[in-house]
Amino acid sequence: MRALVISGGGSKGAFAGGVAQYLMEGQGRDYDMFLGTSTGSLLVPHLAVRDIGKLYDIFTNVQQRDIFSISPFVQRKKGDREYVSIDFVNSLWQFIRMKRTFGESKALKRNIRQNFTREEYDKIIKTREDVVVTVSNLSMNRVEYKSIKDCSYEEFCNWIWISCNYIPFMSLAKVDGYEYADGGLGCVIPIREAILRGATEVDAIVLEAEQMERTKVLGKNPFSLMLNLFGHLLDQVEKNDVIIGKLAAKNRGVKLNLYYTPTSLTENSLIFSKRLMTKWWEQGYSYAKEKHEGHSVI
């Protein structure tokens, strides 16, 4: 049983799309399970129905307004460099309204419903493929994995959205009295979960460079410093997930193929740029192709 697992990583999901395209089209790989966290949860349903062309269009055209209904960020451009700064007005407005997050991501919730249709949901349900997304149950302090086989169309779209909610910058969701957020807060890449569900071979796309040692420029105000802190914590969670995944694979005799980004693509994965994401998709495809032509998959 073969599984494709994709980590969280915001806009870097475009790189994962390129890797997955090569594996499925260039290598002709069929997967029995697709597991994703955060941006990975946006990718896996479309990969399960094998509509890579549609997925490419979605990921290379997404903009800030497609994610945030109230954005805590302002996207700016200086020369060829694109970056985000803090929208203090929106953040202050959220504070005045006594909201617990700096922004809201209801636009993303609408876009998920528009892009992942009921027909596509029905198609997956009728096949042997399983699609699983990772969420964090903050009320119970645990990670949960939601299978499409156990959910209605509306429920599964909601879990995909919740898996992407990177708080405190996006929406906090409540389901059955429990509060949920981004799955990456507990498990950035669910390799071990794929193995526990019976995978005998796992292709895992990790949206970070394998060697993450580099000097970072920390934020100049408390808000941007908080972004740096969250990024640091998620990097540590990701490292642990990979280590745990490797151990689980070794103990169960599972073949594990890891695909990292060759470099650190961006310091801020909340920048959604058509130019950058198109470039990253192409880099992902080329990287996976070179890995296999050189027989150097780790």
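So, how was this worked out
- The residue numbering used here restarts from 1 in each chain and proceeds along that chain's sequence as written.
- At least 70 in pLDDT is required for a residue's local features to be given in this predicted model, at least 80 for side-chain atom pairs to be given and counted, and no such filter applies to totals for whole chains, interfaces and linings, which use all residues.
- The side-chain numbers reported here are obtained from all heavy atoms of the structure, hydrogens and water having been left aside.
- Put simply, DSSP marks the helices as runs of H or I at least four residues long and the strands as runs of E at least two long, and each gets a number from the N terminus on.
- With the radius of gyration taken over C-alpha atoms, the globule rule is written as 2.2 Å times the number of residues to the power 0.38.
- The contact criterion used is simple: two residues touch if any of their non-hydrogen atoms lie within 4.5 Å.
- Only the protein chains shown count as cover for residues, with accessible areas throughout obtained via the Shrake-Rupley method and a probe of 1.4 Å.
- Any carboxyl oxygen of Asp or Glu within 4 Å of a side-chain nitrogen of Lys or Arg constitutes a salt bridge here.
- Buried residues are those whose accessible area, probed at 1.4 Å on protein chains only, stays under 20% of the maximum for their type, while exposed residues exceed 50% and partly exposed ones sit between those limits.
- The convention used is that axes are lines fitted to C-alpha atoms, helices contributing only their stretch in contact, and that angles between N-to-C directions extend from 0 to 180 degrees.
- Three classes are used, and their members are as follows: Ala, Val, Leu, Ile, Met, Phe, Trp, Tyr, Cys and Pro are nonpolar, Asp, Glu, Lys and Arg are charged, and the others, Gly among them, are polar.
- Put simply, two rings from Phe, Tyr or Trp (the six-membered ring, in Trp's case) pair if the centres are within 6.5 Å, and we call them stacked under 30 degrees between planes, edge-to-face over 60, tilted for the rest.
- Consider the ring centre and the ring normal. A charge sits over the ring if Lys NZ or Arg CZ is within 6 Å of that centre and within 35 degrees of that normal.
- Orientation categories follow fixed angle ranges, with anything under 35 degrees roughly parallel, anything over 145 roughly antiparallel, 65 to 115 roughly perpendicular, and all other angles oblique.
- Working rule for handedness: look at the near helix, and if it is turned counterclockwise from the far one by less than a right angle, call the crossing left-handed; if clockwise, right-handed.
- As used in this record, nonpolar core signifies buried Ala, Val, Leu, Ile, Met, Phe, Trp, Tyr and Cys residues forming a set joined through side-chain atoms within 4.5 Å.
- When DSSP finds at least two bridges between two strands, those strands are taken to pair.
- With the strands aimed away from the viewer, a crossover counts as right-handed if its path from the first strand over the helix to the second runs clockwise.
- Like-charged residues are merged into a patch within 9 Å and nonpolar side chains (Val, Leu, Ile, Met, Phe, Trp, Tyr) within 5 Å, provided each residue has over 30% relative accessible area and no salt bridge.

Student: How should I be thinking about the overall build of the protein chain in this particular structure?
Tutor: A count of helical and extended segments in the protein chain gives eleven helices and ten strands. A compact globule built from 298 residues should have a C-alpha radius of gyration of about 19 Å, and the protein chain, at 18 Å, falls within 12% of that. With respect to the principal axes defined by its C-alpha atoms, the protein chain has extents near 55 × 45 × 35 Å. Sequence separation of at least 24 residues holds for 77% of the intrachain contacts in the protein chain that already meet a minimum separation of 6. Carbon and sulfur atoms form 51% of the exposed surface of the protein chain, whose accessible area is close to 13900 Å².

Student: Teacher, can you tell me more about the pattern of salt bridges here?
Tutor: A pair can form between side chains of opposite charge whenever their charged atoms are brought close. In total, this model carries twelve salt bridges according to the counting rule given. For Lys146, the salt bridge identified is with Glu144, shortest N-O distance 2.8 Å. Each member of the pair Lys146 and Glu144 is classed as buried. Glu193 is the salt-bridge partner of Arg197, the closest N and O atoms lying 2.8 Å from each other. Note on Glu193: relative accessible area 14%, which makes it buried. Here the salt bridges share partners, and the residues they tie into one network are Asp30, Arg50 and Glu129.

Student: In this structure, what is going on with the packing of helix α3 (residues 52-59) against helix α11 (residues 274-293)? I would like to understand it.
Tutor: To characterise two packed helices, one gives the angle between the axes of the helices and the distance between these axes. Contact geometry of α3 with α11 gives a least axis separation of 9 Å together with a crossing angle of 145 degrees. Counting all contacts with α3, which are made through Ile52, Leu55, Tyr56 and Phe59, the residues of α11 involved are Met277, Thr278 and Trp281. When the residues that make up the contact of α3 with α11 are grouped by side-chain class, the tally is six nonpolar, one polar and no charged.

Student: In this structure, what is going on with the packing of aromatic side chains? I would like to understand it.
Tutor: For any two aromatic rings, the description comes down to two numbers: the centre-to-centre distance and the angle of the planes. The final tally for this structure, using the stated rule, is ten aromatic pairs. In textbook terms, an aromatic cluster arises when at least three aromatic residues are bridged by ring pairs, as seen for Phe116, Tyr121, Tyr153 and Phe156. When the ring centre of Trp159 is taken as origin, the NZ or CZ atom of Lys146, which lies over that ring, is 4.4 Å away.

Student: What's the story with the packing of helix α1 (residues 13-26) against helix α2 (residues 39-48) in this structure? I'm lost.
Tutor: Contact geometry for α1 and α2: axes closest at 10 Å, N-to-C directions at 30 degrees. Between α1 and α2, the crossing angle belongs to the class labelled roughly parallel. The chirality of how α1 crosses α2 is right-handed. Packed against α1, whose contacting residues are Gly13, Ala16, Gly17, Ala20 and Met24, the element α2 presents Thr39, Leu43 and Leu47 at the interface. Split by residue class, the contact of α1 with α2 holds five nonpolar, three polar and no charged.

Student: Looking at this structure, how should I read the nonpolar core?
Tutor: A general trend in soluble globular proteins is that nonpolar side chains are found buried together. Formed by 85 residues in total, the largest nonpolar core has its most connected members in Leu4, Phe34, Leu47, Phe116, Val202 and Ile205. Ranked by residue count, the leading element in this core is α1, at eight residues. When near neighbours in sequence (up to four residues on either side) are disregarded, Phe34 contacts Leu4, Met24, Val44, Leu47, Ala48, Glu129, Asp130, Val131 and Val132.

Student: Please explain the pairing of strand β6 (residues 142-147) as it appears in this structure.
Tutor: The side chains of a regular strand alternate between both faces of the sheet. As judged from the six bridges shared by strand β5 (residues 130-137) and β6, these two strands associate in the antiparallel manner. Bridging from a neighbouring strand, Val132 pairs with Ser147 of β6. Linking β5 back to β6 in an antiparallel pair, the connection comprises four residues, with Asn141 at a positive phi of about 55 degrees.

Student: Looking at this structure, how should I read unusual backbone geometry?
Tutor: Most peptide bonds are trans, and most residues other than glycine sit at a negative phi. The linkage connecting Ile167 with the following residue, Pro168, adopts the cis geometry, with an omega of 10 degrees. The residue Pro168 is located in the loop between α8 (153-163) and β7 (173-175) in this model. If you check the backbone angles, Arg50 has positive phi at about 60 degrees while not being a glycine. Checked against the element boundaries, Arg50 lands in the loop between α2 and α3.

Student: Mind showing me how you'd approach the environment of Thr278 here?
Tutor: Relative to the elements of secondary structure, Thr278 occurs in helix α11. Ignoring anything within four residues of it in the chain, the contact list for Thr278 reads Tyr56 and Thr60.

Student: Help me understand the pairing of strand β1 (residues 2-6) in this model?
Tutor: Most of β1 is tucked away, with four of its five residues classed as buried. Taken together, β1, α1 and strand β2 (residues 33-37) constitute a β-α-β crossover, and its handedness is right-handed.

Student: Looking at this structure, I do not really get a nonpolar patch on the surface. What am I missing?
Tutor: On the surface, Leu92, Trp93, Phe95 and Ile96 cluster together into a nonpolar patch covering about 490 Å² of accessible area. You can see Phe95 is positioned in helix α5 (residues 88-96).

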